[in-house]
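Listed below are the residues making up each chain.
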Amino acid sequence: MDARSWKHAAGAWLKSLCFALLIATGIQVFLVQPFVVPTSSMAKTIKPGDYILVSKLHYGPRTPQSVGLPFLDLYVPGVHLPSARLPGLAEPERGDVVVFHYPPEKKPIDQKTAYVKRLVGLPGDTVEVQNGRAVVNGKPLTAVPTVQQQWDVHLKDPRMRLLPNHLRPLGIQAARPTSDPDRRLVTATPEAADALEAYSFVRSVALSASTSPAKQPTFPANSDFTRDEYGPVPVPRKTRRFDSQIRPGRSTKKQFDSMRDTAQSGSRAGGVESTGSGTADTRSSRTTSS
């Protein structure tokens, strides 16, 4: 092959490669995007390491804020574009499994870490956690059968052990020891917890409640919330803003009550803006594991 033919072939390959990259980027930005599940918080529905395909069409794709190749996680540094949400095919519904960007990260939206969770609060709702259970607008939320929570298992005799043959048939990975010799901690579904309580050597099984914000810091900073006693927190409607800065020395609950009134009345102040989807920067409600 002479130099002229080699250059022609190289040019054709380069054009094909650029076209393929352009098509792949367009599909990932506007149609469907693959993700790897990062955590075990939804292990009974999707497991860490699972590959999922996330539809961008249901809630509407967002135009890119960065310039680069998202499927290679390569971006041009310092280049930030204005971004907008395009119309979607459906509205978010409570119970949808969604992929969203982790809001606290100081990055462009399309470079933030992706989280997979189940949607609980919709615009205008007031969400809280009471004794480890989600409550929406004052009513306890019916948990899906696959939801996993942390449980205190009290044994009748501290010398007894929860062995793998006791736990694995219930889908429980392990029992963690505590400072109390007759108490163990397990992560399980409500159905598995009920089955565990039926063992003859188990005295009781109850949701494990955390009471110390210092040991389990939560958002926002300086709040007196814990993971099991959280809120109430208002979910603002689209384009509404409220002040999310917590002032030390004042009751967190009273401050959020004020935010809830602000969010529901539609007034503006400055602070956090909702995307109108119930979670920040939500990408999709339809996920397919593979």
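If you're wondering where the values come from, they're calculated on a predicted model, not measured in any experiment.

Peer 1: How do you make sense of the overall build of the chain when you look at a structure like this?
Peer 2: The helix and strand inventory of the chain stands at 4 helices and 18 strands. The proportion of buried residues among the 290 residues of the chain is 34%. Taking all contacts inside the chain whose residues are at least 6 apart in sequence as the whole, residues at least 24 apart take part in 65%. In the form shown here, the chain has an accessible surface area of approximately 17200 Å², with 57% of it arising from carbon and sulfur atoms.

Peer 1: What should I look at first to understand empty space enclosed by the protein in this one?
Peer 2: Where empty space is left in the structure can be found by rolling a water-sized probe over the atoms. One pass over the full model with this rule turns up 1 cavity of 30 Å³ or more. For the largest cavity, the calculated volume is near 30 Å³. Lining the largest cavity, in full, are V37, P38, T39, S41, M42, I46 and V116. Classifying every residue of the lining of the largest cavity by side-chain character gives 5 nonpolar, 2 polar and no charged.

Peer 1: How do you make sense of helix α1 (residues 3-30) when you look at a structure like this?
Peer 2: Residues spaced three or four apart along an α-helix point in a common direction, a consequence of the helix completing one turn every 3.6 residues. Given a rise of 1.5 Å per residue, 28 residues ought to cover 40 Å, and the 40 Å separating the end C-alpha atoms of α1 matches this to within 8%. Buried-residue contacts for α1 involve β1 (32-36) and β3 (66-69).

Peer 1: Teacher, can you tell me more about the pattern of salt bridges here?
Peer 2: Should their charged atoms come close, side chains of opposite charge can pair. Considering all chains together, one arrives at 4 salt bridges under this definition. R183 is the salt-bridge partner of D152, the closest N and O atoms lying 2.7 Å from each other. Here D152, found in strand β10 (residues 149-155), pairs with R183, found in strand β12 (residues 183-188); they are 31 residues apart in sequence, far enough to count as distant. For the pair formed by D152 and R183, the shared burial category is buried.

Peer 1: How should the pairing of β3 be read in this particular structure?
Peer 2: Remark: a regular strand shows side chains that alternate across the two faces of the sheet. Across 3 bridges, β3 lies against strand β4 (residues 74-80) in antiparallel orientation. Residue pairing for β4: G68 is matched across the bridge by Y75. Between β3 and β4, which pair antiparallel and follow one another directly, the connecting turn spans 4 residues, one of which, D73, has a positive phi of 55°.

Peer 1: In this structure, what is going on with the nonpolar core? I would like to understand it.
Peer 2: Taken as a class, soluble globular proteins show a tendency for nonpolar side chains to be buried jointly. W151, V153, L162, I172, L196 and V205 are the most contacted members of the largest nonpolar core, which totals 16 residues. At the level of secondary structure, the elements contributing two or more residues to this core comprise β10, β12, α3 (190-197) and β13 (202-207). Once you skip the residues sitting within four places of it in the chain, I172 turns out to touch L167, V186, T187, A188, A192 and L196.

Peer 1: Would you take a moment to explain a nonpolar patch on the surface for this structure?
Peer 2: On the surface, a cluster of nonpolar side chains totalling about 850 Å² of accessible area is made up of F19, I23, I27, F30, L31, V32, L53, L57, L86 and L89. Here the element with the most residues in the nonpolar patch is α1; it accounts for 4 residues. One can find L31 in the loop between α1 and β1.

Peer 1: Quick question: what am I supposed to make of the sheet that holds strand β7 (residues 126-130) here?
Peer 2: Strand pairing in a sheet relies on backbone hydrogen bonds, with the paired strands running either antiparallel or parallel. Reading across the sheet, the 4 strands line up as β9-β8-β7-β14 and stay open at both edges, with antiparallel pairing between neighbours. Both outer strands of the open sheet, β9 (139-140) and β14 (229-234), are each paired with one neighbouring strand and no more. Judged from the 4 bridges that link them, β7 and strand β8 (residues 133-136) form a sheet pairing that is antiparallel. Bridging from a neighbouring strand, V129 pairs with A134 of β8.

Criteria and thresholds
- Residue numbers here run from 1 along each chain, matching the order of that chain's written sequence.
- Given that the model is predicted, a residue must reach a pLDDT of at least 70 before its local features are reported, and side-chain atom pairs must reach 80 or more before they are shown or counted; all residues, however, enter totals for whole chains, interfaces and linings.
- Side-chain numbers here rest on the full set of heavy atoms in the structure, without hydrogens or water.
- Counting from the N terminus, the helices are DSSP H or I runs at least four residues long and the strands are E runs at least two residues long.
- To sort residues, take the accessible area from a 1.4 Å probe on protein chains only and compare it with the maximum for the residue type: under 20% means buried, over 50% means exposed, and anything in between is partly exposed.
- In what follows, residue pairs with any heavy atoms lying within 4.5 Å of each other are defined as contacts.
- Accessible surface area values rest on a Shrake-Rupley calculation with a 1.4 Å probe, where residue burial reflects the displayed protein chains alone.
- A 1.4 Å probe that fits into a set of points on a 1 Å grid over the protein atoms alone but cannot get out defines a cavity; an open set with protein on both sides within 12 Å along at least five of seven lines defines a pocket, and lining residues are those with an atom within 4 Å of a point.
- Grid points are joined across faces, edges and corners, and a volume is the space filled by probe spheres set on the points.
- Charged means Asp, Glu, Lys or Arg here, nonpolar means Ala, Val, Leu, Ile, Met, Phe, Trp, Tyr, Cys or Pro, and polar covers whatever is left, Gly included.
- In this scheme, a helix's expected span is set at 1.5 Å multiplied by one less than its residue total.
- When a carboxyl oxygen of Asp or Glu lies within 4 Å of a side-chain nitrogen of Lys or Arg, that pair is called a salt bridge.
- Between any two strands, pairing holds if DSSP finds at least two bridges.
- Nonpolar cores are built from buried Ala, Val, Leu, Ile, Met, Phe, Trp, Tyr and Cys residues. Side-chain atoms within 4.5 Å join them into one set.
- Patch membership requires more than 30% relative accessible area and the absence of a salt bridge. Residues of like charge join within 9 Å; the nonpolar side chains Val, Leu, Ile, Met, Phe, Trp and Tyr join within 5 Å.

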